[in-house]
Amino acid sequence: MGPNRHMSVDSRGRYLPEAVGESVPGSESPAGSRSHNPLMTRRASLMQEPVLVLNATYEPINVTAVRRAMVLMLKGVAQAEEMHNAEVHSAAHAHKVPSVIRLLAYRHIPQQSRALSRKNILLRDRNTCQFCVRVFPSSELTLDHVMPRSRGGRSSWENLVACCYRCNNTKGDRTPEEAGLKLARKPRPFTLHTSRQLMRLIGHRDERWRKYLFY
Ligand SMILES: [Zn+2]
């Protein structure tokens, strides 16, 4: 199966465009996107850099991209807590680029609110096929319904796993048991603990994130 659009919806049916880990460095450099203008390339990639989002209470709750973080700042929804040593220029102003932002109003984050998306499932499973336990680039992985959809299997955290094409073919419309395959581990939703682990993984290059992630 391929990922489908309505999967970027959280458990309460809200559309969540900026899921945790949406902008993992290196995960979205489409082939052939190299520009002839190095400045443009630099700026475009800068806008995609991950930014740690803190709740009003300084609790880390999400990772977004610089572009989205700056929109939140301009709207007065968030303020920068840490900055990169870089600027982007709009028509009239130079803007410092945030590395960590904090929401000004407290937002209640239910435990199960992590967006169910292809990207997040691959992140949760660390790009590891859950049947042959080998690591693949994202482009060589698909999502497998453990209990096939044709048998009533749902698109949920508990029923979707990262799977290489080979294992996916082998499995077909069968359960792992029927296909003689074994799951590496039982698929679970993101917990706050998992999210924080992932945030550390994403942000390990950025020293400015450390104090918020309790290293
Ligand atoms: Zn496999």
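So, a few notes on the structure that sits alongside this text.

**Details of the overall build of the protein**
Consideration 1: Counting its regular elements, the protein contains six helices and six strands.
Consideration 2: Going residue by residue from the N terminus, the α and β elements of the protein occur as α-β-β-α-β-β-α-β-β-α-α-α.
Consideration 3: Residues counted as buried form 43% of the 215 residues belonging to the protein.
Consideration 4: Excluding contacts between residues fewer than 6 apart, the proportion of contacts in the protein whose partners are at least 24 apart in sequence is 63%.
Consideration 5: When the accessible surface of the protein is totalled, it reaches about 12,200 Å², and 53% of it is carbon and sulfur.

**Description of the coordination of the zinc ion**
Consideration 1: Looking at the zinc ion, one finds its protein donor set to be C129 (SG), C132 (SG), C164 (SG) and C167 (SG), positioned 2.3 Å from the metal centre.
Consideration 2: Angles of 102 to 116 degrees at the metal separate the four donor atoms of the zinc ion, which places the site in the tetrahedral class.
Consideration 3: Motif for the zinc ion, donor spacing along one chain: C-x2-C-x31-C-x2-C.
Consideration 4: A relative accessible area of 26% places C132 in the partly exposed class.

**Here's the deal with the environment of L104**
Consideration 1: The topology assignment puts L104 in the loop between β4 (94–103) and α3 (118–124).
Consideration 2: Note on L104: relative accessible area 43%, which makes it partly exposed.
Consideration 3: Taking the C-alpha atoms as reference points, L104 and V77, separated by 27 residues in sequence, lie 5.8 Å from one another.
Consideration 4: Contacts of L104, omitting those with residues within four sequence positions, involve A56, G76, V77, A78 and Q79.

**Examining unusual backbone geometry**
Consideration 1: At Y58, a residue that is not glycine, the phi angle is positive and equals roughly 75 degrees.
Consideration 2: Its identity as a non-glycine residue notwithstanding, V133 has a phi of 60 degrees, on the positive side.
Consideration 3: Along the chain, V133 turns up in the loop between α3 and β5 (141–145).

**Section: the sheet that holds strand β1 (residues 50–54)**
Consideration 1: Strand order across the open sheet formed by four strands is β2-β1-β4-β3, with mixed pairing between neighbours. Each edge of the open sheet is held by one strand with a lone partner, namely β2 (60–65) and β3 (78–89). Pairwise comparison of adjacent strand axes, ignoring direction, gives a mean angle of 35 degrees for this sheet.
Consideration 2: Of the pairings in the sheet, the one linking β1 to β4 comprises three bridges and is parallel in character. Paired with L54 across the two strands is R102, which belongs to β4.
Consideration 3: Each of β1, β2, β3 and β4 touches helix α2 (residues 66–74); the most contacted strand, β4, lies at about 85 degrees to it.

**Considering the pairing of β3**
Consideration 1: As judged from the eight bridges shared by β3 and β4, these two strands associate in the antiparallel manner. Following the sheet pairing, A78 is matched in β4 by L103.
Consideration 2: Taken together, β3 and the strand that follows it, β4, pair antiparallel across an intervening segment of four residues.

Rules used in this analysis
Residues numbered from 1 in each chain as written. Predicted model: local features only at pLDDT ≥ 70, side-chain atom pairs only at ≥ 80, totals over all residues. Heavy atoms only, no water. Helix = DSSP H or I, 4+ residues; strand = E, 2+ residues; numbered from the N terminus. Buried < 20%, exposed > 50% of the residue type's maximum accessible area, 1.4 Å probe, protein only. Contact = heavy atoms within 4.5 Å. Areas by Shrake-Rupley, 256 points an atom, 1.4 Å probe, with all protein chains shown as cover. Donors = N, O, S within 2.8 Å, 3.2 Å for Na, K, Ca; no water. Tetrahedral: all angles 85-135°; square planar, octahedral: opposite > 155°, others 65-115°. Pairing = 2+ DSSP bridges. Axes fitted to C-alpha atoms, helices over the stretch in contact; angles between N-to-C directions.

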